[in-house]
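Listed below are the residues making up each chain.
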Amino acid sequence: MSLKCGIVGLPNVGKSTLFNCLSNAKAQSANFPFCTIEPNVGVITVPDERLNRLAEICHPERGVIPTTVEIVDIAGLVKGASKGEGLGNKFLANIRETDAILHVLRCFDDDNVVHVDGSVDPVRDKEIIDAELQLKDLETIDSRIQKVQKQATTGGDKQAKAVLEVLLKYKAALDQGKSARTVELQNKDEEAIAKELFLLTAKPVLYVCNVDEASAATGNKYVEQVREAVKDENAEVLVLAAKIESEIAELDTYDERQMFLEEIGLEESGVNRLIKAAYALLRLKTFLTAGSDEVRAWTFREGMKAPQCAGVIHTDFERGFIRAEVIKYEDFIALGGESQCRAAGKLGVEGKDYLVQDGDIMHFLFNV
């Protein structure tokens, strides 16, 4: 399951520094606008402590294979991007291809780092990008309304009428300066229509408040301003210090990194929290496979049933699905392995209607 998150923000807010922490790919990080001209892409692993515990029991020959998320560092945006200003058209095209947005906001004071608008104001910065994306979405909506309005009002086309109703909901929100993600859809039919529109502001967003070292554990006044500004939005807020994260990433051992984190009052690195938050933002879960060959994490969307999850491994598994054998992670760890779970009656046999849960250890039986 290919998943892509785009890092966006105004120039010089810490996007490329953050990307460098997330990925082994090194984006140029410089103190001037548009240092990232082409989108930098990195594939990062999703931290999951459960894999190591399973490996301690299974001793897999091929080791541990975590699940991944693709991160794209997109060039900084400026006012007028929706009309092609700066790198606007390239920015908008790149963001359209992502599944979710990681919106980096500068929440630190530093006279040595130039701000494109001359002062630190994360809420203003957020609104600049929101406005540009909303304007582009409004263009999309107005264009679609022109195409379906006649069919919906005079042609008696029920589908066109349903599409028009969704379009008008979005137009009303966008005209008020609200993002498409704030619109509440009534049913799956409306959700299907909305999905076909590919609206930029409908994408789930995580606001990443880039703070100074002193604010890494507690946040600061800028973070509180952001929280207040997005409280009515369907969005999440995460606080991290990108500069500190880059220093943590350079430490050689896990123990060194943990010691560093403890010194600044954190239990877990901001990068790990960010990856997990992005994963949750997309309503993603993980099921596991564990044996003597490998221990592996597999990504699935919340609400998927056993055959669909089998298809994540291979399409033949879904096509020829018979049943799934399921062990809960907690039972596997507590009892010490699959054979012990079988003996204790902790292995469940599930059919096509089973809703897979996060952390389920799965074995699929199929026939094609």
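Our structure's up above, just so we're on the same page.
Here is what the cut-offs are and how they apply
- Residues numbered from 1 in each chain as written.
- Predicted model: local features only at pLDDT ≥ 70, side-chain atom pairs only at ≥ 80, totals over all residues.
- Heavy atoms only, no water.
- Core = buried A, V, L, I, M, F, W, Y, C linked by side-chain atoms within 4.5 Å.
- Buried < 20%, exposed > 50% of the residue type's maximum accessible area, 1.4 Å probe, protein only.
- Helix = DSSP H or I, 4+ residues; strand = E, 2+ residues; numbered from the N terminus.
- Contact = heavy atoms within 4.5 Å.
- Pairing = 2+ DSSP bridges.
- Axes fitted to C-alpha atoms, helices over the stretch in contact; angles between N-to-C directions.
- Parallel < 35°, antiparallel > 145°, perpendicular 65-115°, else oblique.
- Nonpolar A, V, L, I, M, F, W, Y, C, P; charged D, E, K, R; others polar.
- Arc of directions from axis to C-beta.

Chemist: Sorry, what's going on with the nonpolar core here?
Modeler: A general tendency of soluble globular proteins is for nonpolar side chains to be buried together. Membership of the largest hydrophobic core comes to 60 residues, with the highest contact counts inside it found for Leu22, Ile71, Leu102 and Leu274. At 6 residues, the largest contribution of residues to this core is made by helix α10 (residues 270-281). Filtering out sequence-adjacent residues up to four positions away, leucine 22 remains in contact with Ile7, Ile44, Ile71, Val271, Leu274 and Ile275.

Chemist: I would appreciate a short explanation of the sheet that holds strand β6 (residues 205-210) in the present structure.
Modeler: In any sheet, the strands associate via hydrogen bonds between backbone groups, in a parallel or an antiparallel arrangement. With mixed pairing, the 6 strands of this open sheet are ordered in space as β2-β4-β1-β5-β6-β7. Only two strands of the sheet have a single neighbouring strand rather than two, namely β2 (40-45) and β7 (235-240). Across this sheet, the average inter-strand angle for adjacent strands is 25°, counted without regard to direction. Here strand β5 (residues 100-106) pairs with β6 via 6 bridges, running parallel. Bridge assignment links leucine 102 to a residue of β6, and that residue is leucine 206. Across the face of the sheet, helix α4 (residues 122-153) comes into contact with β5 and β6 while running at roughly 145° to β5.

Chemist: Before we go on, may I ask you to explain unusual backbone geometry in this structure?
Modeler: What you tend to see is this: most non-glycine residues have negative phi, and most peptide bonds are trans. Despite not being glycine, asparagine 12 shows a phi value in the positive range, around 65°. Tracing the backbone through its elements, the reader meets asparagine 12 in the loop between β1 (4-8) and α1 (15-22). Looking at asparagine 12, the relative accessible area reads 15%, which means it is buried. Look at arginine 283: it is not a glycine, yet its phi comes out positive at around 55°. One can find arginine 283 in the loop between α10 and β8 (284-290). For arginine 283, a relative accessible area of 49% corresponds to the partly exposed category.

Chemist: Which parts of the structure should I look at to understand the packing of α1 against α10?
Modeler: Angle between the axes and distance between the axes: these two values describe a pair of packed helices. Relative to each other, α1 and α10 sit at 90°, their axes nearing to 10 Å. Taken as axis vectors, α1 and α10 run roughly perpendicular relative to one another. Each of Leu18, Cys21 and Leu22 in α1 lies in contact with α10, whose residues at this interface are Val271, Leu274 and Ile275. Grouping the amino acids of the contact of α1 with α10 by side-chain chemistry returns 6 nonpolar, no polar and no charged.

Chemist: For this particular structure, what's the right way to read helix α8 (residues 242-250)?
Modeler: Every α-helix carries 3.6 residues per turn, so stepping three or four residues along brings you back to the same face. The complete set of buried residues in α8 reads Ala242, Ile244, Glu245 and Ile248. Buried positions in α8, seen along its axis, are confined to an arc of 155° and lie on one side of it. Those residues of α8 that are exposed and aimed more than 90 degrees away from the buried face are Lys243 and Glu250. Residues of α8 that are buried in the fold lie against α1, β6, β7, α9 (254-263) and α10.

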